[in-house]
Amino acid sequence: MGIRLVSGLARTALAAVIVAAGAAHAQTTEIALGMSGWTGFAPLTLADKAGIFKKNGLDVSIKMIPQKDRHLALASGAIQCAATTVETHVAWNANGVPITQIVQLDKSYGADGLAVRADVKSFADLKGKTVGVDAPGTAPYFGLAWMLKKNGMSIKDVKTTTLSPQAAAQAFVSGQNDAAMTYEPYLSTVRQSPDKGKILATTLDYPMVMDTLGCAPKWLKDNPKAAQALVDSYFEALDMIRKEPAKSNEIMGAAVKQTGEQFAKSAAFLRWQDREANRKFFGGELAAFSKEAAAVLLEIGVIRQVPDVTALYDARFLK
């Protein structure tokens, strides 16, 4: 009798464990997130590798997808969320790929820049010269157009050859092209090769690179708790960076084949944005910048009409 009672209790306990495990599994939301090796996105990698996403009930699969292709993955449903620059979110929405921004990730403080040969003294000297830059619809292409416009020029004043940010930097230091528009960690390739050229301007001179994480509107509507967990996980990753910088830099650096020390030097050229900075950004700065960015995108033919920029973000997850 006693043995049967113990056996019954054991079965009951085992059943309870199975039910609890099932419930925990049911609460885990799978998310495919598209991004690149850009230093500013690294806290998302940290949230993944350090188990922060998992702790918050998320099963996040990070997909490294070139910026020029990320909207295609979003449109096909291959990914539900994507990290990219603000003006790219504007372009995707304007071109029929809806995405809603829910958290600002970073602002570039010199992490994006234009490398030129020693004989180029000003933007005017770039007229007719060849610039290695990513495809239209990407941050480097927009950045180049923005800088040229601020100097009374346009993309039409230069020759462009389409190269990814990494390839543009590598081609430049190997002696190809007159200039290269790229970003960290690849811009440091140029910084470390002063004999090959110099950096004419960065986002310290032209602050127009800021990144946000956005998700498909339908997914957001269906998964508000998961979206909140995504945002919270990002801020938790920032907390970890503050508390355990060496460990965090090692983890983030490994994802882009850098040592922790190399990664830290690269990250010094940007600022990750905490909750307070996010509230300020979503409180007015985002819409203002999006409006100005849309005008440039329209001018260079990336979009054909300007979308309602005030409808491209949702600040409710920043509480």
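Now for a look at the structure at hand. Computed from a predicted model, the values in this text were never measured in an experiment. (Residues numbered from 1 in each chain as written. Predicted model: local features only at pLDDT ≥ 70, side-chain atom pairs only at ≥ 80, totals over all residues. Heavy atoms only, no water.)

1. A closer look at empty space enclosed by the protein
Turning to step 1, where the next piece is worked out: Under the definition given, this model contains 3 cavities of 30 Å³ or more.
Turning to step 2, where the next piece is worked out: Of the volumes computed, that of the largest cavity is approximately 90 Å³.
Turning to step 3, where the next piece is worked out: In this structure, the largest cavity is lined by Ser36, Trp38, Phe41, Gln67, Arg70, Thr84, Thr85, Asp112, Ala139, Tyr183, Val209 and Asp211.
Turning to step 4, where the next piece is worked out: Elements supplying a minimum of two residues to the lining of the largest cavity: helix H4 (67-76) and strand E3 (81-85).
Turning to step 5, where the next piece is worked out: Of the residues in the lining of the largest cavity, the class split is 5 nonpolar, 4 polar and 3 charged.
Turning to step 6, where the next piece is worked out: Taken as a whole, the second largest cavity holds about 50 Å³ of empty space. (1 Å grid on protein atoms, 1.4 Å probe; cavity = no way out; pocket = protein on both sides within 12 Å on 5 of 7 lines; lining within 4 Å. Points joined across faces, edges and corners; volume = space filled by probe spheres on them. Helix = DSSP H or I, 4+ residues; strand = E, 2+ residues; numbered from the N terminus. Nonpolar A, V, L, I, M, F, W, Y, C, P; charged D, E, K, R; others polar.)

2. Structural notes on the packing of helix H6 (residues 139-150) against helix H13 (residues 275-299)
Turning to step 1, where the next piece is worked out: Where H6 meets H13, the closest approach of the two axes is 10 Å, and the angle between their N-to-C directions is 90°. Classified by the angle their axes make, H6 and H13 are roughly perpendicular. Residues Phe142, Ala145, Trp146, Lys149 and Lys150 of H6 form the contact with H13, whose own contacting residues are Phe289, Glu292, Ala293, Val296, Leu297 and Glu299.
Turning to step 2, where the next piece is worked out: Considered class by class, the residues forming the contact of H6 with H13 number 7 nonpolar, no polar and 4 charged. (Axes fitted to C-alpha atoms, helices over the stretch in contact; angles between N-to-C directions. Parallel < 35°, antiparallel > 145°, perpendicular 65-115°, else oblique. Contact = heavy atoms within 4.5 Å.)

3. Examining the pattern of salt bridges
Turning to step 1, where the next piece is worked out: The tally for this structure, following the rule as stated, stands at 12 salt bridges.
Turning to step 2, where the next piece is worked out: Close ionic contact of Lys55 with Glu236 constitutes a salt bridge, the shortest N to O distance being 2.9 Å. Of this pair, Lys55 sits in helix H3 (residues 52-55) while Glu236 sits in helix H10 (residues 224-243), and the two are 181 residues apart along the sequence.
Turning to step 3, where the next piece is worked out: Classification of Lys55 as exposed rests on a relative accessible area of 56%. (Salt bridge = Lys/Arg side-chain N within 4 Å of Asp/Glu carboxyl O. Buried < 20%, exposed > 50% of the residue type's maximum accessible area, 1.4 Å probe, protein only.)

4. Considering the sheet that holds strand E11 (residues 270-272)
Turning to step 1, where the next piece is worked out: If you trace the 6 strands from one edge of the open sheet to the other, you get E2-E1-E3-E10-E4-E11, paired in mixed fashion. Two strands close off the open sheet at either side, each with one partner strand: strand E2 (58-64) and E11. Direction aside, the axes of adjacent strands within the sheet are offset by 25° on average.
Turning to step 2, where the next piece is worked out: For strand E4 (residues 100-108) and E11, the ladder comprises 3 bridges, and the chain directions are antiparallel. (Pairing = 2+ DSSP bridges.)

5. Some words on the state of the cysteines
Turning to step 1, where the next piece is worked out: Overall, the coordinates contain 1 disulfide when judged by the stated rule.
Turning to step 2, where the next piece is worked out: With its sulfur 2.2 Å from that of its partner, Cys81 forms a disulfide with Cys215. The chirality of the disulfide connecting Cys81 with Cys215 is right-handed, given an S-S dihedral of about 100°. Taken together, the residues span a long stretch of sequence, with Cys81 in strand E3 and Cys215 in strand E10 (residues 210-215) at a distance of 134 residues. Take Cys81 and Cys215: they sit in the same class, and that class is buried. (Disulfide = S-S within 2.5 Å.)

6. Observations concerning unusual backbone geometry
Turning to step 1, where the next piece is worked out: Cis peptide bonds are those with omega within 30 degrees of zero, and the linkage from Glu184 to Pro185 qualifies with 10°.
Turning to step 2, where the next piece is worked out: Within the secondary structure, Pro185 sits in the loop between strand E8 (179-183) and helix H8 (187-191).
Turning to step 3, where the next piece is worked out: Its identity as a non-glycine residue notwithstanding, Asn177 has a phi of 70°, on the positive side.
Turning to step 4, where the next piece is worked out: Residue position: Asn177 is located in the loop between helix H7 (165-173) and E8.
Turning to step 5, where the next piece is worked out: Residues other than glycine seldom take positive phi values, yet Lys257 does so here, at roughly 60°.
Turning to step 6, where the next piece is worked out: Mapped onto the fold, Lys257 is located in the loop between helix H11 (245-254) and helix H12 (260-267).

7. Re helix H2 (residues 42-49)
Along an α-helix, residues three or four positions apart point the same way, because every turn accommodates 3.6 residues.
Turning to step 1, where the next piece is worked out: Most of H2 sits inside the fold, with 6 of its 8 residues counted as buried.
Turning to step 2, where the next piece is worked out: Those residues of H2 that sit buried are Ala42, Pro43, Leu44, Thr45, Leu46 and Ala47.

8. Observations regarding the environment of Gly197
Turning to step 1, where the next piece is worked out: Positionally, Gly197 belongs in the loop between H8 and strand E9 (198-202).
Turning to step 2, where the next piece is worked out: C-alpha separation for the pair Gly197 and Arg117, spaced 80 residues apart in sequence, amounts to 4.3 Å.
Turning to step 3, where the next piece is worked out: Setting aside its immediate chain neighbours within four residues, Gly197 contacts Val116, Arg117, Ala118 and Phe172.

9. Examining the layout of surface pockets
Once rolled over the atoms, a probe with the size of a water molecule shows which space is left empty.
Turning to step 1, where the next piece is worked out: Within this model, the largest pocket holds a volume of roughly 450 Å³.
Turning to step 2, where the next piece is worked out: Elements supplying a minimum of two residues to the lining of the largest pocket: H7, H8 and H12.
Turning to step 3, where the next piece is worked out: Tallied by class, residues from the lining of the largest pocket come to 6 nonpolar, 9 polar and 4 charged.
Turning to step 4, where the next piece is worked out: Empty space within the second largest pocket amounts to approximately 270 Å³.
Turning to step 5, where the next piece is worked out: What lines the second largest pocket is a set of 16 residues, among which Ser36, Pro66, Ser164, Pro165 and Tyr183 lie closest to the centre.
Turning to step 6, where the next piece is worked out: Going through the elements one at a time, H4 and H7 are the ones with two or more residues in the lining of the second largest pocket.
Turning to step 7, where the next piece is worked out: By residue number, the principal contributor to the lining of the second largest pocket is H4, which donates 3 residues.
Turning to step 8, where the next piece is worked out: For the lining of the second largest pocket, the per-class residue count stands at 8 nonpolar, 5 polar and 3 charged.

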